[in-house]
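Secondary and tertiary structure notes
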Amino acid sequence: MSETVTKTLQATLATPTTGKEQRLQRLLDTYRTALHDAFDNRADTMSAVNDVVTPYDLPYQAKDALKSYVPKLRSTYNAEELDDEHPLRLVNRAAKFDYSDEREHGFVWQAPQPGRGTNFWIPLRINPEQESLWFDLLSEDAEAGELRLQRHRTSWELHVTVEYPVEEPTDPGNPTYVGFDVGESALITGCALKRDVPRKPMLVSGSQARHLRKEMFTTLRRLQSRDAAEWRVDERFDHYQNALTDIIEKASRQAVEYARCFENPVIVLEDLSYIRERLDYGKFMNRRLHAWAFTRLQGRIEDKATEAGIRVEYVNAAYTSQTCHACKRLGRRKEQAEFVCPHDDCHVSEFQADINAAANIADRVDPWGESVRWEPGRNDSPQDGSACDSATVHRETSPRPGQMTLSAFSD
């Protein structure tokens, strides 16, 4: 059995000649004018959009994309107005690529232009990690979807949506549940459970991402206070977002590679659907938490796990950071990196807090497929009903190294 996965391929156009760049810019400007015209005329059907965009000097691939996109702006996206930086959208019939290892840039794209015989080829600088999918696109093992072309000051970027089959994850007979705790001090903490014992944990530091987010906030605020040019603000914002995206991609890949080290792995993640609404730690901390893409990181882990044929499960996130993984009773976090179990009859006294949380996440999976509400070992909820998880992301890193029971990790 197989299922279809959707992914976006990214490429940068090699620096075009002056003539080609002028034609690309003219195409982008005309598309944006047609888009605004159709939106301002409240065209909400493909036929209505067609009546508006037909007179414009655009290739049919762009007009067909407009006819599909514009009706969704109000019905799906609830857009009240449009900005001026929309990318050029093209339907999949514009996905005409070629490859030759004799060229400096092996892959080239035929950029569509209005009129017959006006298209031209332009080299692409592709993401090396996506090279296999570009070849699948050429061999038709992957199917192209929408294309988007955008200009960022001096460069042009092309994004191609592709669909391709992967083997559907099967239910392993003797699974190893691998829990991942997503946080701020530790970006990702992974822990596998085998016979209810934590095995070979992994931690990915979140210091670089935390530093970038802080620097982004400070830099953008300073530029705005100085009334800097809009392009300069956008440039810095894109710089930081690209850097954070790179961190997310590397961390999610590392998480899946860690899971693959175990036999019959099943990745277990917290259900963080409403974490941003639940957390309220004051203005400063809320800004940090709301700036962090919790679900974005989990989504990339799930995407990569699906490609690797690994099943992904989501579990209740409540009390994962406050519960002892061994005795299942509530303890306390003495410091950010240290969990303390106060119960004398439990063999765990102190444990690395994020690993403890990841072990609890892995242990939450119900092997019978039933949705069972999890309750802590005792009622620790405030009487006013305002209880929420003391998420692992809201405290500063402890200068002391976290202690753990070493015997917990023996195979």
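What counts, and at which threshold
Residues numbered from 1 in each chain as written. Predicted model: local features only at pLDDT ≥ 70, side-chain atom pairs only at ≥ 80, totals over all residues. Heavy atoms only, no water. Axes fitted to C-alpha atoms, helices over the stretch in contact; angles between N-to-C directions. Helix = DSSP H or I, 4+ residues; strand = E, 2+ residues; numbered from the N terminus. Parallel < 35°, antiparallel > 145°, perpendicular 65-115°, else oblique. Contact = heavy atoms within 4.5 Å. Nonpolar A, V, L, I, M, F, W, Y, C, P; charged D, E, K, R; others polar. Disulfide = S-S within 2.5 Å. Buried < 20%, exposed > 50% of the residue type's maximum accessible area, 1.4 Å probe, protein only. Polar contact = N/O pair within 3.5 Å; in protein donor to acceptor, adjacent residues only side chain to side chain. Pairing = 2+ DSSP bridges. Salt bridge = Lys/Arg side-chain N within 4 Å of Asp/Glu carboxyl O. Phe/Tyr/Trp six-rings, centres within 6.5 Å; stacked < 30°, edge-to-face > 60°. Lys NZ or Arg CZ within 6 Å of the ring centre and 35° of its normal. pLDDT = per-residue confidence, 0-100.

Now for the packing of helix H5 (residues 207–225) against helix H6 (residues 230–259). In contact at an axis separation of 10 Å, H5 and H6 are set at 175 degrees when each is read in the N-to-C sense. With respect to H6, the axis of H5 lies roughly antiparallel. Here Gln208, Ala209, Leu212, Arg213, Glu215, Met216, Thr219, Leu220, Leu223 and Gln224 of H5 lie close against H6, whose contacting residues are Arg232, Val233, Arg236, Phe237, Tyr240, Gln241, Ala243, Leu244 and Ile247. Of the residues assigned to the contact of H5 with H6, the class counts are 11 nonpolar, 4 polar and 4 charged.

In this section: the state of the cysteines. All chains considered together, the criterion is met by 0 disulfides. Between Cys324, a cysteine without a disulfide, and Cys346, which holds the nearest cysteine sulfur, the sulfur-to-sulfur distance is 3.7 Å. Cys327 supplies the cysteine sulfur nearest to Cys341, a cysteine that is in no disulfide, at a spacing of 3.7 Å. Its relative accessible area of 6% is what places Cys341 among the buried residues.

Here Gln150 shows up in strand E6 (residues 143–152). For Gln150, the side chain forms a polar contact with the main-chain oxygen of Glu85, separated by 2.8 Å. Those residues within four positions of Gln150 in sequence are excluded, and the remaining contacts are Leu28, Arg32, Glu85, His86, Pro87, Ser155, Trp156 and Glu157.

Let us look at the sheet that holds strand E11 (residues 265–270). Spatial strand order, E10-E9-E8-E11-E12: 5 strands in an open sheet with mixed pairing. Of all strands in the sheet, those bounded by a partner on one side alone are strand E10 (197–205) and strand E12 (311–315). Each strand axis lies, on average, 25 degrees off the axis of its neighbour in the sheet, ignoring direction.

Our next topic: the pattern of salt bridges. Taken as a whole and judged by the stated rule, the model has 13 salt bridges. Close ionic contact of Glu85 with Arg32 constitutes a salt bridge, the shortest N to O distance being 3.9 Å. Here Glu85, found in the loop between helix H3 (60–75) and strand E2 (88–90), pairs with Arg32, found in helix H1 (residues 18–40); they are 53 residues apart in sequence, far enough to count as distant. Overall, Glu85 belongs to the partly exposed group, its relative accessible area being 48%. Overall, the relative accessible area of 14% leaves Arg32 in the buried class. Because the salt bridges share partners, they merge into one network encompassing Glu249, Arg300, Asp303 and Lys304.

Centre-to-centre distance and the angle between the planes together describe a pair of aromatic rings. One pass over the full model with this rule turns up 7 aromatic pairs. Feature note: the residues Phe97, Tyr99, Phe107, Trp134 and Phe135 constitute an aromatic cluster, connected by ring pairs. The positively charged end of Arg74 is found above the aromatic ring belonging to Phe39, 3.9 Å away from the centroid. Arg89 extends its terminal NZ or CZ atom over the ring of Tyr69, reaching a point 3.9 Å from the ring centre.

Before going further, it helps to examine the confidence of the model for the protein chain. Confidence in the prediction of the protein chain, expressed as mean pLDDT, is 79, and 80% of residues score 70 or more. At the level of individual helices and strands, the protein chain shows its lowest average pLDDT in helix H7 (residues 275–278), which scores 43, and its highest in strand E4 (residues 107–111), which scores 96. Within the model, the stretch residues 274–291 combines pLDDT values under 50 with 27 contacts to residues more than four positions away or in other chains. Per-residue pLDDT stays below 50 along residues 369–411; that stretch engages in 89 contacts with residues further than four places along the chain or on separate chains.

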